[in-house]
Amino acid sequence: MLRKLKYSVSALLLSGFVLGGAHAADVKSIAILTPEEGTDYGWNQQGVEAAKAAAEAAGVEVILAQGLGYGDVRPTLRELAEEGASLLIAHASGYNTSAPEIANELNVPVAIVDTPDALKKGLIADYTLSGHEGAYLAGRLAAKMTRTKAVGIVVSGEPPSWNSQSAAFAEGVKAENPDVKVTYAVIGPAAYSDAAGGKRVTESVIASGADIIFGQGNGSSFGMLQAVETTKATDGGKAYFIDVIGDKSPIDKGFLLSSVIWDITPVYAAMIDDLKSDTFGTRSYAIGVKDDSVKLLKTPAIPDNVWSEVQAIREDIISGKIKVEPVFEATAVRKLMTNVTE
């Protein structure tokens, strides 16, 4: 289903001049395509909300194409291009083959994920983002708060963005307490919407001793959260969940410890600016803790003293005292874990 939201061009006016210069009129609308509905408190919702915010700030129209699944989206891409969209944001790794094909076929700019080598000036940009700095903080938090001295990572696949966060989380755990065990479990090669699988795998990781689960999964993360809510840790106490990308606080029943939240708005805003300046497809984009485009969620489950300690670590990352490098390869990620299960 395509749903259009229009925004006033008055948002373009600031201090008497038009943002973006003489080329501002070249970008009339942007469209974002998501595999699931933008109500998942995660990847899909953050993408939709960011596209709306970036479009509003630039004074352009936004077209939302949600719940498209993970199959062939070429017909939708063509439809959006024919409607005159100035940019097609293909917000799923499963779209990173079809979107470039449509870009070349119809000469319409597209943005894809998980394919950083596919850049093509004026046509193809990649935004393989990494929340690794936030995931490192989450790992430090988990190691501070685990009672069983065991934590788990459950993922719905091993795309680059998930891999970098898994690695950084494990590194954060080990930096805080090298005696804490880290179990790594993969639901499936592309189990992004598999809530049942997320629940099953998370239950097994908790049964292995983990009392804190770091979950990355889009729709499958709801199954992970359900498992944490219904499965006690091996010490008989409560298990906790650390989410990624979005904020599930509105549906939390007291088991959400934190989340590595992403704000993709600056990325989409930069894409619009690059289209206007004719530099689209010539650079990569990044998010990080310095500008809060990546940040850790504070929940009531985190004691104030622990939160203060984690924030001090954040400042060390910003200052460069602590360096967290992204690790994108799955084989390298697995080597950082205590246990790997599939």
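Residues numbered from 1 in each chain as written. Predicted model: local features only at pLDDT ≥ 70, side-chain atom pairs only at ≥ 80, totals over all residues. Heavy atoms only, no water.

Draft legend 1. Geometry of the nonpolar core. Grouped together as the largest cluster of nonpolar side chains are 75 residues, with contacts concentrated most on Y127, F169 and Y268. Broken down by element, the residue count for this core peaks at eight residues, all from helix α4 (residues 132-145). Once residues within four sequence positions are removed from consideration, F169 is found in contact with A135, Y136, A138, G139, A142, V151, G152, I153, F214 and I242. Core analysis: the next-biggest nonpolar cluster, separate from the first, contains 21 residues, A31, I63, A81 and I112 among them. (Core = buried A, V, L, I, M, F, W, Y, C linked by side-chain atoms within 4.5 Å. Buried < 20%, exposed > 50% of the residue type's maximum accessible area, 1.4 Å probe, protein only. Helix = DSSP H or I, 4+ residues; strand = E, 2+ residues; numbered from the N terminus. Contact = heavy atoms within 4.5 Å.)

Draft legend 2. Fine view of the packing of aromatic side chains. Summed over all chains, the structure comprises four aromatic pairs. Measuring from centroid to centroid gives 5.9 Å for Y70 and Y192, while their planes differ by 25°, and the two rings are stacked. A residue pair is termed long-range when its members are at least 10 positions apart, and Y70 in the loop between β5 (61-65) and α2 (74-82) and Y192 in the loop between β10 (181-186) and α6 (195-207) qualify at 122 residues. Exposure remark for Y192: the relative accessible area of 10% places this residue in the buried category. Above the plane of the ring of F255 lies K238, whose end atom (NZ or CZ) is 4.9 Å from the centre. (Phe/Tyr/Trp six-rings, centres within 6.5 Å; stacked < 30°, edge-to-face > 60°. Lys NZ or Arg CZ within 6 Å of the ring centre and 35° of its normal.)

Draft legend 3. Main features of the pairing of β5. Of all five residues in β5, five are buried; the element is thus mostly enclosed. Neither face of β5 is open: one carries E61, I63 and A65, the other V62 and L64, and all of them are buried. Pairing analysis gives five bridges linking strand β4 (residues 29-33) to β5, with the strands arranged parallel. The residue of β5 that forms the bridge with A31 is I63. (Pairing = 2+ DSSP bridges.)

Draft legend 4. Layout of the confidence of the model for the protein. Averaged over all residues, the pLDDT of the protein equals 92, while 93% of them reach at least 70. Throughout residues 1-25 the model reports pLDDT below 50, and contacts reaching past four residues in sequence, or to other chains, amount to 47 contacts. (pLDDT = per-residue confidence, 0-100.)

Draft legend 5. Representation of helix α3 (residues 98-106) within the structure. Listed in full, the buried residues belonging to α3 are S98, A99, P100, I102 and A103. Of the surrounding elements, those touching the buried residues of α3 are α2, β6 (87-90), β7 (110-112) and β8 (124-126). Count one or two residues on from α3 and you reach N107, which has phi positive near 60°.

Draft legend 6. Main features of unusual backbone geometry. Non-glycine residue N107 carries a positive phi angle of around 60°. Even without being glycine, D292 reaches a positive phi, approximately 65°. With respect to the helices and strands, the residue D292 is situated in the loop between α8 (265-276) and β14 (294-296).

Draft legend 7. Focus on α6. The terminal C-alpha atoms of α6, which comprises 13 residues, lie 18 Å apart, in line with the 18 Å expected from a rise of 1.5 Å per residue. Residues of α6 that are buried include every one of G197, G198, V201, T202, V205 and I206, and no others. In an axial view of α6, the angular spread of the buried residues amounts to 160°, which keeps them on one side of the axis. In α6, those exposed residues whose orientation departs by more than 90 degrees from the buried face are A196 and A207. Looking at the buried positions of α6, the neighbouring elements they touch are β9 (150-155), β10, β11 (212-216) and α7 (221-230). The N-terminus of α6 is capped by D194, whose side-chain oxygen sits 3.4 Å from the backbone nitrogen of A196. (Expected span 1.5 Å × (residues − 1). Arc of directions from axis to C-beta. Polar contact = N/O pair within 3.5 Å; in protein donor to acceptor, adjacent residues only side chain to side chain.)

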